[in-house]
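Notes for the structure review
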Amino acid sequence: MKKTRAFLKWAGGKYGLIDELNNYLPEGDVLIEPFVGAGSVFLNTNYSRYELCDINPDLITMYRIIQKRGDRFIKDAQLYFNQEHNDSERYYEIRKEFNACQDSYQRALMFLYMNRHGYNGLCRYNKKGIFNVPFGRYKRPYFPHHELEVFAEKSQRAKFRCCSYVTAFKDFGYGDVVYCDPPYAPISKSAQFTSYSRDGFGLEDQKRLGQLAEKAQRNGATVVISNHDLPITRDIYQGSLLAKLQVKRTISPKGNGRKKVAELIALYPGYLEEAKVQANGRG
């Protein structure tokens with residue numbers, strides 16, 4: 001299967017890790033992602049159906065628009081990719097328009113524009129929900145025409161939900177396959193980045209995700225989680241099967257500054273036979 005890149009630039013995207021991840025994702029009818037992000041795992045797996053969740057309403061709204069009106073969106077989005085728009089002053093004008101905009105379609109176009117023109121592909125909001133990523137100063141931002149077409153086509157297999165990971169986990173059960181790519185636990189205090197949404201994602205969220213994975217496993221679901229390999233994450237995922245990988249960090253804007261760091265894969269294989277017994281008992 002030829003690998004497909006996401007059309008979004010995304011800190012922590014899983015394109016470079018997909019071959020390893022596919023070794024841990026079992027076969028199944030549906031893949032559920034509580035933290036879909038840029039969708040690299042969705043694009044590079046072959047399930048019949050997908051349930052793709054994220055807490056970021058701008059992201060999910062854009063995905064739904066591309067799913068329903070892909071050709072029009074691609075045509076309109078391309079108008080933002082020229083030298084006139086690759087300008088610091090113009091970028092900040094559009095960012096201001098975006099933060100005031102209530103039209104979902106126009107907001108989606110500007111969201112893609114800022115993703116490709118903003119600093120290092122970051123997606124960041126302040127406590128008031130204001131998008132505040134600075135201009136990226138790229139020589140010629142790439143317009144992902146092909147990648148958008150591929151996403152639009154494959155999205156016909158998907159259901160997009162704007163919800164928290166807690167809500168996404170509520171209905172997991174026997175035979176479900178779940179992949180979680182949460183905001184990573186910080187390697188150091190200075191490296192902490194939790195402003196993907198206005199509410200952030202802290203240590204208690206990390207712990208709660210581990211607890212929800214254990215509960216889903218007891219209900220017969222298989223859960224796979226990625227995170228930094230740290231003492232705290234090993235403690236949180238101590239009930240899982242752990243695998244260690246070496247991956248390049250993608251948060252650095254300089255290619256030669258992207259050093260390899262230890263990545264942890266936590267696998268919670270579903271207790272299928274136990275789930276069958278429970279299901280029969282409820283019947």
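Below: a short report on this structure. Quick caveat, the model's predicted, so the values are computed rather than measured.

Moving on to the side chain of His85. Here His85 is to be found in the loop between α3 (57–78) and α4 (88–100). Looking at His85, its side chain comes within polar contact range of the side chain of Asn82, at 2.9 Å. Setting aside its immediate chain neighbours within four residues, His85 contacts Leu79, Tyr80, Arg90, Ile94, Tyr113 and His117.

Let's shift gears to the pattern of salt bridges. Summed over all chains, the structure comprises nine salt bridges. With a closest N to O distance of 3.4 Å, Arg72 and Asp76 form a salt bridge. Placement of the pair is Arg72 and Asp76 together in helix α3, with a separation of four residues, close to one helical turn. One continuous salt-bridge network, built from bridges that share partners, spans Arg90, Glu93 and Glu97.

Looking now at the nonpolar core. Formed by 59 residues in total, the largest nonpolar core has its most connected members in Phe7, Leu8, Met62, Tyr63, Phe73 and Leu112. No other element matches the nine residues that α3 contributes to this core. Built from parts of two domains, this core gets at least three residues from each of domain 1 (17–55 + 163–281) and domain 2 (63–146). Phe73 has contacts with Met62, Ile65, Ile66, Tyr105, Ala108, Leu109, Leu112 and Leu148, leaving out every residue within four places of it along the chain. Among the nonpolar cores identified, the runner-up in size contains 22 residues, and Phe169, Leu209, Val223 and Leu264 belong to it.

Conventions used here
Residues numbered from 1 in each chain as written. Predicted model: local features only at pLDDT ≥ 70, side-chain atom pairs only at ≥ 80, totals over all residues. Heavy atoms only, no water. Helix = DSSP H or I, 4+ residues; strand = E, 2+ residues; numbered from the N terminus. Polar contact = N/O pair within 3.5 Å; in protein donor to acceptor, adjacent residues only side chain to side chain. Contact = heavy atoms within 4.5 Å. Salt bridge = Lys/Arg side-chain N within 4 Å of Asp/Glu carboxyl O. Core = buried A, V, L, I, M, F, W, Y, C linked by side-chain atoms within 4.5 Å. Buried < 20%, exposed > 50% of the residue type's maximum accessible area, 1.4 Å probe, protein only. Domains from an automatic or database assignment.

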